[in-house]
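Report on the structure
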Amino acid sequence: MRVLVAPLNWGLGHATRCIPIIQYLVQQKHEVMLASDGQALELLKKEFPGFTFIELPAWKIHYRIKPFFLGMLLQLPKFLFANRNERKIIKVLCEKYKIDAIISDNRYGIYHNVIPSVLITHQINIQFPTFFHFLGRRFNQLHQHYLLRFQQVWIPDVANGITCKLSHTNLLQVKYIGMLSRFSHLSEEIIKQHHQILFLLSGPEPSRSQFEKIILYQIKELKHDNFQFELIRGSSQKTQINDIPSTISLHDVMEKNELERKIKQASLVVLRSGYTSVMDMLAIGKKVVFVPTPGQTEQEYIGRQLQEKYKALVVTQKDFRLDQILKEYDKIPLIKEDSSSFNQFSFFIDNWLQEVQTKLTNLRGHD
């Protein structure tokens with residue numbers, strides 16, 4: 001069976017959480033084609049050399065308008081245009097490559113009226129700030145209208161998991177398929193480096209760069225000399241950074257295997273509370289400090305869920321104080337999710353592909 005997998009290029013989270021799904025499809029002897037754009041497409045090319053890749057048009061969404069959610073709302077016409085554009089493209093691709101099934105991660109235009117199509121998303125109910133709550137119902141009605149175009153909607157979480165209000169719905173096609181992480185099956189044991197702090201930066205500009213400046217400044221001001229720091233900038237843009245303290249190592253981006261090693265070595269990881277990053281930390285089991293992207297209501301909500309369910313340490317960017325965190329270093333809890341939460345998705349994929357195969361057989365029987 002030929003399956004098209006198409007993750008959205010907003011950060012790398014949508015692409016990385018598709019990795020275990022792609023790997024499983026290949027293990028089951030299905031042919032997988034990959035479609036995306038930008039850094040997400042580049043990551044998939046490195047992860048799956050030799051596959052067929054299709055470059056989709058970029059959505060061209062920017063993050064300069066504050067607050068974050070209002071910037072997204074004002075760019076709704078861009079979303080709608082991107083969806084219409086993808087609808088035209090997918091019709092051509094399905095005909096050209098004889099696609100049998102489609103898995104889209106947050107690309108709402110990548111579906112087909114005849115070919116079975118699945119959407120992966122963890123956010124069915126977009127969170128609005130309290131002051132703008134009146135917009136939420138209307139917007140989420142529009143959102144669910146798009147969801148109904150897919151045969152199934154897969155939530156990468158367990159029922160009553162972290163996503164909670166984000167994914168709660170009565171839509172019949174919604175399936176909780178368990179958590180997804182490319183790190184969920186790591187077997188190599190790596191010895192932790194005591195007092196090794198790893199910063200994983202990601203997400204939209206200018207918030208990413210602002211947090212980077214805060215981190216570098218606070219490291220320079222530290223009085224502690226028994227900690228070592230590693231900062232993975234999460235940006236392919238080469239930026240000259242002056243006066244780097246000897247206690248910190250900087251990397252723009254990092255290959256998957258090396259990144260795995262760095263995460264497992266670190267005694268503490270500081271990163272955003274993007275949902276894919278959260279799943280990765282829960283899969284490995286780490287002491288973590290989560291810093292939600294300012295104004296991003298989804299990450300702020302997930303942060304509150306992490307505090308409630310795992311007693312995780314979550315701090316706002318404006319309240320981030322590295323010296324205070326290091327003073328409380330020994331008290332920071334390790335968060336981990338049971339491995340069974342990451343072993344459920346194959347069951348749902350098998351069931352869905354069986355439905356796809358039955359439909360293909362019936363269609364061919366009518367030819």
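Refer to the structure above for everything that follows.
Here's a quick rundown of the structure. Note that this is a predicted model, so its numbers are computed, not measured.

Regarding the sheet that holds strand β2 (residues 31-36)
- If you trace the seven strands from one edge of the open sheet to the other, you get β3-β2-β1-β4-β5-β6-β7, paired in parallel fashion. On the outer flanks of this sheet lie β3 (52-55) and β7 (174-176), each paired with one strand and no other. On average, adjacent strands in this sheet sit at an angle of 20° to one another, irrespective of strand direction.
- By the bridge criterion, five bridges tie strand β1 (residues 2-7) to strand β4 (residues 101-105) in an arrangement that is parallel. Each residue of the ladder has a partner; that of V5, found in β4, is I103.
- Contacts between helix α2 (residues 38-47) and the sheet are confined to β1, β2 and β3, with β3 contributing the most and set at about 175° to the helix.
- In this fold helix α4 (residues 76-97) packs onto β1, β2, β3 and β4, with an angle of close to 160° to the strand it touches most, β3.

Describing the packing of aromatic side chains
- In the structure shown here, the tally under the stated rule is ten aromatic pairs.
- Plain terms: the ring middles of Y108 and Y146 are 6.4 Å apart, the flat faces sit at 80° to each other, and that makes the pair edge-to-face. Of this pair, Y108 sits in the loop between β4 and β5 (117-120) while Y146 sits in helix α5 (residues 133-147), and the two are 38 residues apart along the sequence.
- A relative accessible area of 11% places Y108 in the buried class.
- Relative accessible area serves as the criterion here: at 13%, Y146 is assigned to the buried category.
- Where F227 meets F229, the ring centres are 6.4 Å apart and the plane angle is 25°; that geometry is what we call stacked.

Looking at unusual backbone geometry
- Here N106, not a glycine, exhibits a phi torsion of approximately 65°, which is positive.
- Looking at the element boundaries, N106 is found in the loop between β4 and β5.
- Judged by its relative accessible area of 13%, N106 is buried.

Remarks on the side chain of T169
- Locating T169 in the fold gives a position in the loop between β6 (152-155) and β7.
- Classification of T169 as buried rests on a relative accessible area of 17%.
- A distance of 3.1 Å separates the side chain of T169 from the backbone nitrogen of L171, its partner in a polar contact.
- Apart from the residues within four sequence positions on either side, T169 is in contact with I124, Q144 and V174.

A closer look at the packing of helix α1 (residues 13-27) against α2
- Packing of α1 against α2 brings their axes to within 10 Å, and their N-to-C directions diverge by 35°. Between α1 and α2 lies a crossing of right-handed hand. In this structure, α1 uses A15, T16, I19, I22 and Q23 to contact α2, whose residues at the interface are A40, L43, L44 and E47.

Here we look at the environment of K175
- Tracing the sequence through the fold places K175 in strand β7.
- Residue K175 is classed as partly exposed on the basis of its relative accessible area of 30%.
- Taking the C-alpha atoms as reference points, K175 and I155, separated by 20 residues in sequence, lie 6.0 Å from one another.

A few points about the environment of F128
- Along the chain, the position of F128 falls in the loop between β5 and α5.
- Residue class for F128 comes out buried when judged on its relative accessible area of 12%.
- Sequence separation of F128 and F139 is eleven residues, and the distance between their C-alpha atoms is 9.7 Å.

Calculation criteria
- Residue positions are given per chain, counted from 1 along the sequence in the order it is written.
- In keeping with the model being predicted, local features are shown solely for residues with a pLDDT of at least 70 and side-chain atom pairs are shown and tallied solely at 80 or more, while totals for entire chains, interfaces and linings include all residues.
- Each side-chain value is worked out from all heavy atoms of the structure, with water and hydrogens disregarded.
- Two strands pair under a simple rule: DSSP has to find at least two bridges between them.
- Helix and strand assignments come from DSSP, with helices taken as H or I runs of at least 4 residues and strands as E runs of at least 2, each series counted from the N terminus.
- Think of each axis as a best-fit line through the C-alpha atoms, taken over the contacting stretch in the case of a helix, with angles from 0 to 180 degrees between the N-to-C directions.
- Any pair of residues with heavy atoms lying within 4.5 Å of one another is described as a contacting pair.
- What counts as a ring pair is set by centres within 6.5 Å for rings of Phe, Tyr and Trp (its six-membered ring), and what kind of pair is set by the plane angle: stacked under 30 degrees, edge-to-face over 60, tilted for all other angles.
- To sort residues, take the accessible area from a 1.4 Å probe on protein chains only and compare it with the maximum for the residue type: under 20% means buried, over 50% means exposed, and anything in between is partly exposed.
- Here a polar contact is taken to be a pair of N or O atoms separated by no more than 3.5 Å, where protein atoms must pair a possible hydrogen donor with a possible acceptor and residues adjacent in sequence count only if both atoms sit in side chains.
- Throughout, a crossing is termed right-handed when the near helix is turned clockwise from the far one, and left-handed when it is turned anticlockwise from it by less than a right angle.

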